[in-house]
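Report on the structure
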Amino acid sequence: MTHVGESASAVDGSSASRAGWKDVTAAYVGLTKPRVIELLLLTTVPVMFFAARGVPPLGLVLATVVGGALSAGSASALNCVYDRDIDEQMRRTRRRALPRHIVAPRSALVFALSLGVVSTIVLLVWVNPLSAALSVGANAFYVLVYTMLLKRRTTQNIVWGGLAGCFPALIGWTAVTGSLAWTPVVLFLVVFFWTPPHTWALALRYREDYAGVDVPMLPVVAPARTVARQIVAYSWVMVAVSLTLWPVAGTGIFYPVAAAVLGAGFLLEAHRMLARTRGTEDLGLIQPMRLFHSSNLYLSLLFVAVALDPLIG
């Protein structure tokens, strides 16, 4: 892997200098992985509504959203800097800013660290120290543990590395209450068990990419049927955990009904994918992206239900 300092000036002097300001701006925005930020915020704001048992102060929501988005963007940009060698070889990632040499690695590193500093200040000053500390911890875990330690070494990379993506549930709760409780821990665990099915479906679709760069995602080292069985197992646990929010947090009836319906739909899709893996490795028949898109919809609607429950109740 090329070190951050190598050829930075050469990159700045060639591709980066030829790109227009719109291209460069778009490249820096792309480093933050906006779609990932959207998903993380979707698990932050609804928890704030639930913690407030209604509508939380809008200024607090704004500060949490800005701080959380900057923190997630910082982690994503650091991930892009570290993984630029494999990103350049993978179809899914080769159009990112660093593989295209629109942004120099050193510039991307400075950008990422700056976002991290600003996000910490925003959360520390306008939210609270606990939320700021959780954000820094999630950022550090994603970069140091998942990206640098686990991703290229173990098939369990996304299982444990995915813990970083669970922290927004804790941050949303602590932003309102200033303390932790069992309720956000349940939602933390929902995201934890949701992450493997979500990521393995995507990794199955791009398993040749991961195999080509020696990243041992489960779909690279195991047949599709084994992956599908693991997805079904995690999906059942995820749905079971989601239903425990009802007794743990004392929700109204709206949430458990919504969680049960959404969970049943997700389990049906997971089992259908398992059935499609019988006797084949043909991704055209398995259609893993159906489950991937279903997972996004499931998590989005589940956390919308979290936000709506106290309002309806």
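The structure presented is a predicted model; accordingly, all values stated were derived computationally and were not measured. (Residues numbered from 1 in each chain as written. Predicted model: local features only at pLDDT ≥ 70, side-chain atom pairs only at ≥ 80, totals over all residues. Heavy atoms only, no water.)

Concerning helix α4 (residues 34–42)
- For α4, every residue scored as buried is listed here: Ile37, Leu39 and Leu41.
- Elements in contact with the buried residues of α4: α5 (45–52), α6 (58–82), α12 (182–205) and α19 (288–312). (Buried < 20%, exposed > 50% of the residue type's maximum accessible area, 1.4 Å probe, protein only. Helix = DSSP H or I, 4+ residues; strand = E, 2+ residues; numbered from the N terminus. Contact = heavy atoms within 4.5 Å.)

Describing unusual backbone geometry
- Its identity as a non-glycine residue notwithstanding, Lys33 has a phi of 55°, on the positive side.
- Phi is positive for His101, which is not a glycine, with a value near 60°.
- Within the element layout of this structure, His101 appears in the loop between α7 (84–87) and α8 (105–126).
- Assessed through its relative accessible area of 31%, His101 is described here as partly exposed.

What to know about the nonpolar core
- Ranked by internal contacts, the top residues of the largest apolar core, which has 67 residues, are Trp200, Met238 and Tyr298.
- No other element matches the 13 residues that α12 contributes to this core.
- Counting residues in hydrophobic clusters, the runner-up holds 14 residues, among them Ala27, Leu78, Val81 and Val143. (Core = buried A, V, L, I, M, F, W, Y, C linked by side-chain atoms within 4.5 Å.)

Section: the pattern of salt bridges
- Taken as a whole, this structure holds nine salt bridges when the rule is applied.
- Its salt-bridge partner being Arg207, residue Glu281 comes within 2.8 Å of it at the nearest N-O pair. Here Arg207 lies in helix α13 (residues 207–212) and Glu281 lies in the loop between α17 (254–276) and α18 (283–286), a separation of 74 residues in the sequence.
- Residues Arg290 and Glu269 are paired through a salt bridge, measuring 3.3 Å at the closest nitrogen-oxygen approach. Here Arg290 is found in helix α19, whereas its partner Glu269 is found in helix α17, with 21 residues between them in sequence.
- A network of salt bridges, in which partner residues are shared, links Asp83, Asp85, Lys151 and Arg152. (Salt bridge = Lys/Arg side-chain N within 4 Å of Asp/Glu carboxyl O.)

A look at α8
- When the terminal C-alpha atoms of α8 are compared, their 31 Å separation across 22 residues agrees well with the 32 Å that a helix rising 1.5 Å per residue should span.
- Residues of α8 that are buried include every one of Pro105, Ala108, Ala112, Leu115, Gly116, Ser119, Val122 and Leu123, and no others. Looking down the long axis of α8, one finds its buried residues gathered within 135° of arc, a one-sided arrangement. Seen from the buried face of α8, the exposed residues on the opposite side, beyond 90 degrees, are Val110 and Val125.
- Each element contacted by the buried residues of α8 is listed here: α3 (21–31), α6, α7 and α9 (129–150). (Expected span 1.5 Å × (residues − 1). Arc of directions from axis to C-beta.)

Focus on the packing of aromatic side chains
- In the structure shown here, the tally under the stated rule is eight aromatic pairs.
- Ring centres of Phe193 and Tyr234 lie 6.3 Å apart, and the angle between their planes is 40°; on these two criteria the pair is classed as tilted. Taken together, the residues Phe193 in helix α12 and Tyr234 in helix α15 (residues 224–243) connect sequence positions 41 residues apart.
- Of the residues examined, Phe193 reaches a relative accessible area of 18% and is grouped as buried.
- Taking the relative accessible area as the measure of exposure, Tyr234 reaches 16% and is therefore buried.
- Between the aromatic rings of Phe266 and Tyr298, the centroid separation amounts to 5.3 Å while the plane-to-plane angle is 45°, which identifies the pairing as tilted. Taken together, the residues span a long stretch of sequence, with Phe266 in helix α17 and Tyr298 in helix α19 at a distance of 32 residues. Residue Phe266 shares its accessibility class with Tyr298, and that shared class is buried.
- Aromatic rings pair up to connect Trp160, Phe192, Phe193, Trp200 and Tyr234 into one cluster.
- Above the face of the Phe50 ring, Arg53 is positioned so that its terminal group lies 4.5 Å from the ring centre.
- In this arrangement the basic side chain of Arg92 is found over the ring face of Tyr206, its NZ or CZ atom lying 5.9 Å from the centre. (Phe/Tyr/Trp six-rings, centres within 6.5 Å; stacked < 30°, edge-to-face > 60°. Lys NZ or Arg CZ within 6 Å of the ring centre and 35° of its normal.)

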